[in-house]
Amino acid sequence: VICVSNMGRKNRNRQRAQQDRDGKPEGKRNRDDAGWGAGYSEIIKENKLFEHYYTELKIVPEGEFEEFMETMREPLPATIRITGYKSHAKEILHTLKEKYFKEVQDLEVDGQKIEAPQPLSWYPDELAWHTNLSRKILRKSPLLEKFHQFLVSETESGNISRQEAVSMIPPLLLKIEPQHKILDMCAAPGSKTAQLIEMLHSDMDVPFPEGFVIANDVDNKRCYLLVHQAKRLNSPCIMVVNHDASSIPRLHIDQDGKKDVLFYDRILCDVPCSGDGTMRKNIDVWKKWTTSNSLHLHGLQIRIAVRGVEQLAVGGRMVYSTCSLNPIEDEAVIAALLEKSEGALELADASADLPGLKYMPGITSWKVMTKEGQWFSDWSEVPTSRHTQIRPTMFPPTDPEKLANMKLERCMRILPHHQNTGGFFVAVLVKKAPMPWNRRYPKGETPAEGNPSVPDTPDPSEVKKDNVCGFSSVTVLHVDMKCSVCYSPPPPKKMKLFGFKEDPFVFLTEDDPIFPPIQAFYNLSPDFPKMNVLTRTHEGKKRHLYMVSKELRNVLLNNSERMKVINTGVKVWSRNTDGEQFGCAFRLAQEGIYTLCPYIRARIINISVEDVKVLLTQENPFLSKLEDDAHNQAKKLEMGSIVLRYLPDPQDLDAPQCPIDLCGWRGKTSLRAFVPRNECLHYLRMVGVEVFRDKQGKRNDGSTETQEGSTEDAEGLSQEADLLEQEGEETEQNGSESNTNDTEPVSTTGGDL
C-alpha cells in the first residue's frame, strides 16, 4: 500500500512538472530551463509556507504579490558585465553592440523570439547587459553559436563576467577609489571581488594603485575558485586569504617605521544567507525553504558584520548584503549592529547612487515565525524553551524614538518583479567614530596619532558569555529587549591550517643576482620597484617571478604568522631554461605585461593592426611577413623575449582605439606571439578577424595549420615556452611553484553566476 501511495504521489508530481516544462520529454532532467542557475525543471515551484510568510510580512507592495510569485517561478535572465578597468572595455562594448547584439535580435529559436539585449539602466557606462536568452538556447542553437563562443572565450579571458544583475550592486555602492584599502569578507566565488579590482584599476596608466583588495573566504576549496576569478584580471593588488570572517585577524602594517593597525577604507560584507532571493536560478530552494534557515544564520551574520565594522576605518563605508528577502537576515542584523554601535555607525542614504535602480525601502516592523508556523511579535512572547533558537536581536527595537533614529528605511530591498532580477538586500553603513568597545586601550598605551580608532584586543579573562544572545561580550548593557547586547566579537580563534599547504612568499632583495641581467636585457627604468618582486620557493632555481604592490608587500611582511594567504601577486617573468645564451634567463609573461610595460625601455617592437593579425593567426611567421616598420625594428633586436606593442591611431576609427601589449619571442628569422589561446581570440576580434570554431572544432580565423617560420627559430625556446597555451590556461590553484594545470570550467554559487 505504501509503495502504491508513493508512486501515485510521484506520478502526480511528475505530471505537474511535465506541465511546467511545456511539453518537454518526460523524465529528462534539464538544468537549462533554470536560466543561468542550478536546479531541475521538474521541481515544483511551490512552497505554501514561503507564500504565507511573505504575505504576512508585507515586504511586497499591496496588489503585487501574485506578480511577485509569478516572476519568482520564471527563469532568471542572463546578464553579462564588461570588465571596466581595462581600456579594452569600450572596444568590447563596441563589438557587442555593433556585431553580436545586431546578429541575435529578431531571431526566432524554437518559436521564441529573441529580443535585443538591453543595458542595465542603473549600471554606469552601459557596461552591464541583460537578455532573455536562457542557457539552453545559447548552448544549443546553431544561430547563436558564435555569440555563445564569444561569451565563453571572453569570460575565460576576464574581459566579460557572467554575473547576476543584483550581485553587481554592492561594489557600486562602496564608491571605490584607487587609493582605498578594501576587505571582501565572504568573497567566493569572486564576481564582486572582480568588480572591486576593476574599480581599483580605473586608471590603466597607474600599474600599482595605492589601494588593494584582500579577499577572504572561510571555505578552503572555494578560495581556489576565488583565485581563478581574480587571476583573470592580472592585478598585483589582490590577495586571497582563508579565514572565518567572524574572527578574521586584525592585521598590522609598518607606518613610518612603527607598527600600526590596518584599517580598511571599504568593506564588502556579503554574508552567508538562506538565499531565498535566488529561487529563480537555484530551483532546489523551493523545496528546501523554511524559516529555520534564517534563524540559524542570524547570529553568524551579526558576528561577521560586527567583525567588519571593527576593522573599518573611521569615515569608511561598509556594504552589508544578502541574497535573502528575510528581515531576520536583513533589517534585524542592521538594527542590532546600529544598536551595538551607540551612534558610531550610520545608515547612509544610497537612493541617489544608482539612478534607475528600482527597490523597496527597508521595513521597520516585522515578526518572527518558527518552522512550524508559530508567530512571535516581541521577545517577551518567546517561551524559554525557544531561547536557543530565537534571539532578542531578531525583533525590531521597541523604543519608537530609537527605531526612528536608525532610519532602517534607508536599507534597499530589490524585488524580482520590479526589474526582472533576483531578490536582494543591501545596506550602506558609514563609520562615524570608533566602536564603543574599541575606545579603551591597554595599560600604558595610547591611540596612534591621527588614528583614534586603534582598538585593543580584549583580555580573555574579561570576556563573558551571554547565554541569551550567544555572543561574547566585554561590557554588558541591559536594554528594553530584556537582553544583554554584546559589545565585542567572540574571542579570537587559533588559526587552523587545513587544505593545501602553501609555498612561502619570498621577496627578492635589491641586490639579488637575478636582477642585473634582467635590468640590462629589458633596460628597466630606475624607478622599477625591485622590492615588490617575489617568488614561491626558498630553494633551487626560481621558476616564476611575481609582483605585488608596495602596500600589499607591507601587509605580507608584517602578518605572515597571523594570516593564511592562498594567493597574491601577478606573474611577470617565467624562466626560460635556454635563455641565458641570449642574455637573460627570464622571458616576459603575458599575465603581467601591463604591470611591467611602464618600466620596460628596450626590446619593444611597435606593430600595426595587420601585424597583429599575422602574429596571432600564424604560429611562427617570418620577419618578412610583418609590415616594413615592424620588420626593420625586429631586425635590429637580438634573439629573446620582446614586447609587441600596438598604439591606436586616432585618425583610423575602424582600428582599435586602445593600446595592446603582447609578449613575443624574436627568433633568428621569425617572431612568435606568446599569448594564451583565449586572449589571442580576444585580440583577433578587436582587430576585426572573425573567430569561430565549427562543430569539428576547427578555427576559421584564417590561421594556418603548419608552422611558417624556420624550425631553427625554436632554438632558445624551452619545452615550457613551447607549451605556452597550456601555461596560459593555468589557474595556479595553490599559487605554488608545484602547481598543475586546471582547465576545467568553473561553476559558481550564491549571488553570483
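The name given to the chain in an unreviewed UniProt entry is tRNA (cytosine(34)-C(5))-methyltransferase, with the source organism recorded as Sinocyclocheilus anshuiensis. Listed in UniProt under the heading Sequence similarities (unreviewed entry), the comment for the chain reads: "Belongs to the class I-like SAM-binding methyltransferase superfamily. RsmB/NOP family."

A tally of regular secondary structure across the chain gives 22 helices and 33 strands. Relative to its full complement of 753 residues, the chain shows a buried share of 58%. A total accessible area of about 32100 Å² is found for the chain, and carbon and sulfur atoms account for 49% of it.

Time to look at the nonpolar core. L96, W122, F147, I214 and I334 are the most contacted members of the largest nonpolar core, which totals 150 residues. Two domains each provide a minimum of three residues to this core, namely domain 1 (77-162) and domain 2 (165-433). Excluding residues that lie within four positions of it along the chain, L96 makes contacts with I80, I82, F101, F147, F150 and I160. With 30 residues, the next largest nonpolar core counts L508, V572, W573 and F674 among its residues.

The element strand 8 (residues 212-216) is largely enclosed, with a buried count of 5 among its 5 residues. Here strand 8 shows two buried faces, one formed by F212, I214 and N216 and the other by V213 and A215. Here 4 bridges tie strand 7 (residues 181-184) to strand 8, and the two strands are oriented parallel to one another. Its bridge partner lying in strand 8, D184 is registered against A215. The pairing of strand 8 with strand 9 (residues 238-241) spans 4 bridges and is classified as parallel. For V213, the partnering residue across the bridge sits in strand 9 and is I238. With helix 9 (residues 220-231) bridging strand 8 and the parallel strand 9, this β-α-β connection has right-handed handedness.

Time to look at the UniProt feature "active site" (unreviewed entry) in the chain. The UniProt record annotates "active site" (unreviewed entry) at C323. Among the secondary structure elements, C323 is positioned in the loop between strand 13 (312-322) and helix 12 (331-341).

Every buried residue belonging to helix 3 (residues 65-72) is among F65, F68, M69, T71 and M72, and all of these are buried. Down the axis, helix 3 shows its buried residues gathered within 160° of arc, on one side only. Buried positions along helix 3 lie against helix 2 (48-57), helix 10 (285-288) and helix 14 (416-419).

Here we come to the environment of G315. By secondary structure assignment, the location of G315 is in strand 13. Judged by relative accessible area, which is 53%, G315 ranks as exposed. Sequence spacing of G315 and K432 is 117 residues, and the spatial spacing of their C-alpha atoms is 5.8 Å. With sequence-adjacent residues up to four places away left out, G315 is seen in contact with R266 and K431.

Our next topic: a negative patch on the surface. Among the surface-exposed residues, E66, E67, E70 and E74 lie close enough to one another that they form a single negatively charged patch. Owing to a relative accessible area of 43%, E70 belongs among the partly exposed residues under this scheme.

As summarised here, the arrangement of the 4 strands in space is 30-31-32-33, forming an open sheet in which the pairing is mixed. The sheet terminates laterally at strand 30 (604-607) and strand 33 (671-673), the two strands that pair on one side only. When strand polarity is set aside, the average angle formed by the axes of neighbouring strands in this sheet is 35°. Examined bridge by bridge, strand 31 (residues 640-646) and strand 32 (residues 660-666) share 7 bridges and lie antiparallel to one another. Counted as the bridge partner of R645 is D661 from strand 32.

Further remarks concern the pattern of salt bridges. Tallied over the entire structure, the rule returns 22 salt bridges. Residue K281 pairs with E164 through a salt bridge whose shortest N-O separation is 3.4 Å. A residue pair is termed long-range when its members are at least 10 positions apart, and K281 in the loop between strand 12 (264-270) and helix 10 and E164 in the loop between strand 6 (160-162) and helix 7 (169-174) qualify at 117 residues. When its relative accessible area of 3% is taken as the criterion, K281 is described as buried. Where E372 meets R386, a salt bridge forms, and the shortest distance between an N and an O atom there is 3.2 Å. Highlighted residues: E372 in the loop between strand 16 (368-369) and strand 17 (375-376) and R386 in the loop between strand 17 and helix 13 (400-406), separated in sequence by 14 residues. Given the relative accessible area of 54%, E372 is considered exposed. When salt bridges with common partners are traced through the structure, they connect K175, R317 and D353 into a single cluster.

A few words now on the packing of aromatic side chains. Tallied over the entire structure, the rule returns 18 aromatic pairs. Taken together, a centroid distance of 6.1 Å and an interplanar angle of 45° make the contact between Y54 and W289 tilted. With Y54 in helix 2 and W289 in the loop between helix 10 and helix 11 (291-310), the pair connects residues that are 235 residues apart, well separated along the chain. In this structure, Y54 and W289 share a single accessibility class: buried.

A cis geometry characterises the amide bond from A188 onward to P189, with omega recorded as 5°. Within the secondary structure, P189 is located in the loop between strand 7 and helix 8 (191-200). Of note, K175 is a non-glycine position whose phi angle comes to about 55°, a positive value. Topologically, K175 is positioned in the loop between helix 7 and strand 7. Residues other than glycine seldom take positive phi values, yet N234 does so here, at roughly 50°. Position of N234 relative to the elements: it lies in the loop between helix 9 and strand 9.

The rules we used
- Residues numbered from 1 in each chain as written.
- Predicted model: local features only at pLDDT ≥ 70, side-chain atom pairs only at ≥ 80, totals over all residues.
- Heavy atoms only, no water.
- UniProt positions renumbered as here; feature names shortened; annotations may be inferred.
- Helix = DSSP H or I, 4+ residues; strand = E, 2+ residues; numbered from the N terminus.
- Buried < 20%, exposed > 50% of the residue type's maximum accessible area, 1.4 Å probe, protein only.
- Areas by Shrake-Rupley, 256 points an atom, 1.4 Å probe, with all protein chains shown as cover.
- Core = buried A, V, L, I, M, F, W, Y, C linked by side-chain atoms within 4.5 Å.
- Domains from an automatic or database assignment.
- Contact = heavy atoms within 4.5 Å.
- Pairing = 2+ DSSP bridges.
- Right-handed = clockwise from strand over helix to strand, strands pointing away.
- Arc of directions from axis to C-beta.
- Patch = residues over 30% accessible without salt bridge, like charges linked within 9 Å, V, L, I, M, F, W, Y side chains within 5 Å.
- Salt bridge = Lys/Arg side-chain N within 4 Å of Asp/Glu carboxyl O.
- Lys, Arg positive; Asp, Glu negative; His and termini not counted.
- Charge placed at Lys NZ, Arg CZ, Asp CG, Glu CD.
- Axes fitted to C-alpha atoms, helices over the stretch in contact; angles between N-to-C directions.
- Phe/Tyr/Trp six-rings, centres within 6.5 Å; stacked < 30°, edge-to-face > 60°.

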